[in-house]
Amino acid sequence: MNCNLSATLQTLNKSFVVVGYGNDLRSDDAIGPCVAKAVEAWGVPNVNSLAFHQLTPELVETIKDTYGAIFVDACRSPEVKEVQVLAIEPDELGKVMTHHTDPRSLLALSQTLYGYYPRAWLVKVPAVNFELGDRLSSVAEQGISDALDEIDYLLRQHTHQHEV
Amino acid sequence: MSKTVVIDPVTRIEGHAKISIYLNDAGEVDDARFHVVEFRGFEKFCEGRPMWEMAGITARICGICPVSHLLASAKTGDKILAVQIPPAAEKLRRMMNLAQITQSHALSFFHLSSPDFLLGWDSDPATRNVFGLIAADPDLARSGIRLRQFGQQIIEWLGAKKIHAAWAVPGGVRSPLSEEGRAWIRDRLPESRATTENAIALFKGLLDRLTTEVEAFGKFPSLFMGLVGKDGEWEHYGGHLRFADSEGNIIADNLSEDDYKEFIGEAVENWSYLKFPYYKPLGYPDGIYRVGPLARLNICDYIDTPAADKELQEFRQRAGGIATSSFFYHYARLIEILAAVEKIEQLVEDPDVVSKRVRAEAGINNLEGIGVSEAPRGTLFHHYQVDENGVIKKVNLIIATGQNNLAMNKTVTQIAKHYIHSNEIPEGMLNRVEAGIRAFDPCLSCSTHAVGQMPLHIELIAADGTVLDEAYRN
């Protein structure tokens with residue numbers, strides 16, 4: 001990640017939020033927070049990166065002010081064999097809002113409350129171990145690396161599209 | 001032929017639960033049970049861990065009320081170190097607990113329970129949730145989300161994370177509030193107070209048409225337990241324990257958490273992983289007691305903040321004295337949010353909250369410690385035994401929701417008896433049974449200390465044990 005992306009994002013007045021979520025005491029479930037912390041370390045000013053244990057309804061206050069929201073979560077392999085980046089839309093029939101929610105419901109909440117929702121993607125990273133523990137599997141480590149490449153590409157793609 | 005109606009899963013609560021309602025041959029409700037169907041084992045797998053890790057580990061019992069465990073664990077560690085924490089540390093811990101109470105109660109009211117009051121128990125289940133609430137009253141929904149955000153953000157300002165902040169430690173806390181955080185809190189206080197006052201006014205307006213629910217949703221005599229301050233004022237962090245009865249008589253007072261085994265027993269039933277705490281002098285199950293917002297308002301003499309105290313006086317007038325209806329938990333939660341906001345208004349102006357003197361250092365000076373704190377849902381005990389090196393040998397946790405177990409069962413039975421009189425059970429009736437549980441705002445993830453998804457399963461069981469009907473949610 002270099003300065004050009006940062007400068008471009010600022011010029012275009014586009015802000016992104018990267019939300020990585022999962023339990024960091026459940027082995028590979030820490031993938032989401034790990035990715036978020038790595039993106040935070042890039043230090044790109046218009047990219048806000050947040051690590052959470054779980055998604056909660058008040059996150060709508062953060063995403064409503066962004067151009068794009070990228071959600072990152074660990075997904076059980078072998079259903080997910082490699083990193084997947086899915087464009088997602090609001091869905092208010094998703095999780096009923098309790099103390100935790102899901103990306104599509106958050107988008108629906110944003111749309112309903114504020115008449116707007118950001119462009120959004122869900123980055124699904126393959127994971128093999130969800131037992132109690134604080135170590136990542138080799139599958140998860142590779143997935144994190146791939147996810148970071150995908151997020152970098154996603155951010156650049158959106159600035160490039162605007163330029164075109 | 002007798003039947004059993006089973007509600008499985010219970011919706012809009014945290015954790016996994018099942019309700020079984022047993023009908024007799026005449027089709028009338030005989031009994032009902034609230035089963036918690038998951039087990040976790042925190043008390044066991046913490047053995048062998050260093051005491052210093054317990055705050056971080058027990059905070060992960062739950063993603064909903066981690067602060068409660070953090071504080072109770074830290075207080076237990078204080079006892080093991082035999083330290084008195086700096087005044088600044090106590091004020092900061094109090095601020096975090098008040099923020100926790102605010103965010104938890106806000107979510108309970110606005111997201112979990114108000115869809116029932118505002119949209120109706122018989123409304124379409126597909127929209128009887130926060131989206132239905134938004135459609136009916138977007139300003140209310142928006143303000144409720146922002147109120148919860150207020151509480152969560154204070155937790156993050158203090159602990160650097162909203163959930164599982166590793167900030168409260170034995171001896172104090174890791175860091176004070178920053179000036180930036182202080183400014184943010186000051187800025188958001190007026191809105192938070194207004195939202196709370198509006199919600200209280202709204203709820204009071206609804207109470208007049210919810211008289212059936214007030215009478216049928218778990219209205220029965222019981223003891224109430226919680227912390228009170230040295231002058232009997234409402235407490236959430238320190239003070240001493242008090243038991244009072246439904247007539248307002250103080251049954252036991254000035255109790256220390258160190259002696260909890262003398263007055264709290266824990267029974268077990270083979271149909272639930274949730275234990276059944278009871279007041280020992282009265283035995284099981286006569287020693288039924290309730291904890292949490294309803295109990296805290298019932299046992300205290302007053303609230304030492306003016307607006308909340310005024311609301312408390314009206315609360316008692318409307319209840320006719322001690323509030324014995326579990327439906328009044330919703331009302332009590334809102335008053336507690338107001339008390340929390342008023343206290344945060346005071347604390348944020350105290351110079352100690354930005355002081356750097358926030359931790360006392362010591363080694364292992366006691367081999368046993370018991371800490372107590374008021375979680376949003378009620379009184380929480382952590383009890384550790386350690387070796388000379390501070391390694392955990394034994395843990396016992398008494399969780400708020402568990403202490404309401406007997407009362408939740410009684411509530412479910414009462415509601416079922418009031419609303420179910422035939423073999424045809426409309427959805428709205430089942431929701432009322434669930435709503436009875438929801439009044440307690442249980443955290444089943446903590447109380448079993450259980451993990452997993454949260455369904456509610458309802459079974460209809462005949463007198464001969466045949467399952468005649470079943471209903472599932474989620």
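Report follows, based on the coordinates. (Residues numbered from 1 in each chain as written. Chains lettered and ligands numbered in written order. Predicted model: local features only at pLDDT ≥ 70, side-chain atom pairs only at ≥ 80, totals over all residues. Heavy atoms only, no water.)

Comments concerning the pairing of strand 3 (residues 68-76) of chain A
Residues and elements named next belong to chain A. Threshold: Under the scheme applied here, a residue whose accessible area is under 20% of the maximum for its type counts as buried, over 50% as exposed, and between as partly exposed, the area being computed with a 1.4 Å probe on protein chains only. Note on conventions: DSSP H or I runs of at least 4 residues are helices, E runs of at least 2 residues are strands, and numbering of each starts at the N terminus. Paired strands, in this sense, are two strands between which DSSP finds at least two bridges.
Among the nine residues of strand 3, eight are classified as buried, and the element is accordingly described as predominantly covered. As paired elements, strand 1 (residues 16-21) and strand 3 share five bridges and run parallel to each other. What sits directly across from V18, in strand 3, is I70. Of the pairings in the sheet, the one linking strand 3 to strand 5 (residues 119-127) comprises nine bridges and is parallel in character.

Some remarks on the environment of B:Q385
The line we're drawing: Two residues qualify as a contact provided that any one of their heavy atoms is within 4.5 Å of a heavy atom in the partner residue.
Relative to the assigned elements, B:Q385 resides in strand 13 (residues 378-386). Those residues in contact with B:Q385 that lie beyond four places of it in its chain are B:L367, B:E368, B:V391, B:I392, B:K393 and B:K394.

Things to note about the environment of B:W167
Residues and elements named next belong to chain B. Threshold: Here a polar contact means two N or O atoms within 3.5 Å. Within protein one must be a hydrogen donor candidate and the other an acceptor candidate, and residues neighboring in sequence count only if both atoms are side-chain atoms.
As for its placement among the helices and strands, W167 is situated in the loop between helix 6 (138-159) and strand 4 (168-169). By relative accessible area, which is 1% here, W167 ends up buried. Each C-alpha atom, one on W167 and one on E345, is 22 Å from the other, the two residues being 178 residues apart in sequence. Residues contacting W167, with those up to four places away along its chain left out, are L70, L92, R93, M96, L158, G159, G172, V173, R174 and S175. Of the polar contacts made by the side chain of W167, one reaches the backbone oxygen of L158; its length is 2.9 Å.

Comments concerning helix 4 (residues 103-114) of chain A
All names here are of chain A. Filter applied, for reference: Every helix has an expected span of 1.5 Å times one less than the residues it contains.
Between its first and last C-alpha, helix 4 extends 16 Å over 12 residues, near the 16 Å set by a 1.5 Å rise per residue. At the N-terminal boundary of helix 4, the capping side chain belongs to D102, with an oxygen 3.2 Å from the backbone nitrogen of R104. Backbone geometry just after helix 4 places G115 at a positive phi near 70°.

Looking at the pattern of salt bridges
Residues and elements named next belong to chain B. To be explicit about the condition: By convention in these notes, a salt bridge is any Lys or Arg side-chain nitrogen within 4 Å of a carboxyl oxygen on Asp or Glu.
Applying the stated rule across the entire model yields 34 salt bridges over all chains. In this structure, the salt-bridge partner of E179 is R182, at a minimum N-O distance of 3.4 Å. Here E179 pairs with R182, and both are found in helix 7 (residues 179-207), just three residues apart, close to one helical turn. In this structure R182 comes out as buried when scored by relative accessible area, which is 9%. Ionic pairing is found between R188 and E191, a salt bridge with its closest N-O pair at 3.7 Å. Pair noted here: R188 and E191 are both in helix 7, with a separation of three residues, about one helical turn. For R188, a relative accessible area of 7% translates into the label buried. Note on E191: relative accessible area 29%, which makes it partly exposed.

Considering helix 14 (residues 405-419) of chain B
Note that an α-helix has 3.6 residues per turn; residues three or four places apart therefore point the same way. Here helix 14 of chain B is 15 residues long and its end C-alpha atoms lie 21 Å apart, about the 21 Å a rise of 1.5 Å per residue gives. Within helix 14 of chain B, burial applies to B:N405, B:L406, B:A407, B:M408, B:N409, B:T411, B:V412, B:T413, B:I415, B:A416 and B:Y419.

Quick look at a negative patch on the surface
Residue and element names in this part refer to chain A. Quick note on the threshold: The patches described consist of residues with a relative accessible area above 30% and no salt bridge, like charges being joined within 9 Å and nonpolar side chains (Val, Leu, Ile, Met, Phe, Trp, Tyr) within 5 Å. Surface accessibility follows the Shrake-Rupley procedure with a 1.4 Å probe radius. Residue values consider only the protein chains on display as shielding. Positive charges are assigned to Lys and Arg, negative charges to Asp and Glu, while His and the chain termini are left out of the count. Every charge is mapped onto a representative atom, which is NZ of Lys, CZ of Arg, CG of Asp or CD of Glu.
Taken together, the side chains of E82, D146, D149 and E150 make up a negatively charged region of the molecular surface. The topology assignment puts D146 in helix 5 (residues 138-163). Note on D146: relative accessible area 30%, which makes it partly exposed.

Considering the sheet that holds strand 12 (residues 368-375) of chain B
Residues and elements named next belong to chain B. The criterion, for reference: Each axis is a line fitted through C-alpha atoms, taken for helices only over the stretch in contact, and angles between the N-to-C directions span 0 to 180 degrees.
The strand order across the open sheet built from three strands is 12-13-14, with neighbouring strands paired in antiparallel fashion. At either end of the open sheet lies a strand with only one pairing partner, and these are strand 12 and strand 14 (392-398). Across the sheet, the mean angle from the axis of one strand to that of its neighbour is 15°, orientation sign disregarded. Sheet strands in contact with helix 3 (residues 66-81) are strand 12 and strand 13, and its direction is about 150° off that of strand 12.

With respect to the side chain of B:N298
Residues and elements named next belong to chain B. Structurally, the position occupied by N298 is in helix 10 (residues 293-299). Taking relative accessible area as the criterion, N298 reaches 6% and is therefore assigned buried. From its side chain, N298 meets the backbone oxygen of A323 in a polar contact 2.9 Å long. Non-local contacts of N298, meaning those with residues more than four positions away in its chain, are made with F224, F315, R316, I322 and A323.

A word on the packing of aromatic side chains
Residue and element names in this part refer to chain B. Short version of the rule: Any Phe, Tyr or Trp ring, taking Trp's six-membered ring, that has another such ring centre within 6.5 Å forms a pair; planes under 30 degrees apart are called stacked, those over 60 apart edge-to-face, and the others tilted. We call a charge positioned above a ring when the Lys NZ or Arg CZ atom is no farther than 6 Å from the ring centre and deviates by at most 35 degrees from the ring normal.
For the structure on display, the rule yields 21 aromatic pairs over all chains. Summarising the aromatic geometry, the rings of Y260 and F381 are spaced 5.6 Å apart at their centres and angled 35° between planes, so their arrangement reads as tilted. A residue pair is termed long-range when its members are at least 10 positions apart, and Y260 in helix 9 (residues 260-263) and F381 in strand 13 qualify at 121 residues. What makes Y260 buried here is its relative accessible area of 2%. On the basis of relative accessibility, which here comes to 1%, the residue F381 falls in the buried class. Linked through ring pairs, F109, F110, F117, F203, F217, F315, F327, F328 and Y331 together constitute an aromatic cluster. Here K75 stacks its cationic end above the ring of Y237, 4.3 Å away from the centre of that ring. Sitting over the face of the ring of F220, R290 holds its NZ or CZ atom 4.2 Å from the ring centroid.

What about unusual backbone geometry?
In this chain, B:Y284 is followed by B:P285 through a cis amide linkage whose omega measures 0°. Tracing the chain through its elements places B:P285 in the loop between strand 10 (276-279) and strand 11 (289-290). We note that A:S27 has phi near 50°; this positive angle belongs to a residue other than glycine. Looking at the element boundaries, A:S27 is found in the loop between strand 1 and helix 2 (31-42). The class for A:S27 is buried, based on a relative accessible area of 4%. The phi dihedral of B:N254 is positive, around 55°, even though this residue is not glycine. Inspection of the secondary structure assignment puts B:N254 in strand 8 (residues 250-255).

None of this, on its own, says anything about what the molecule does.
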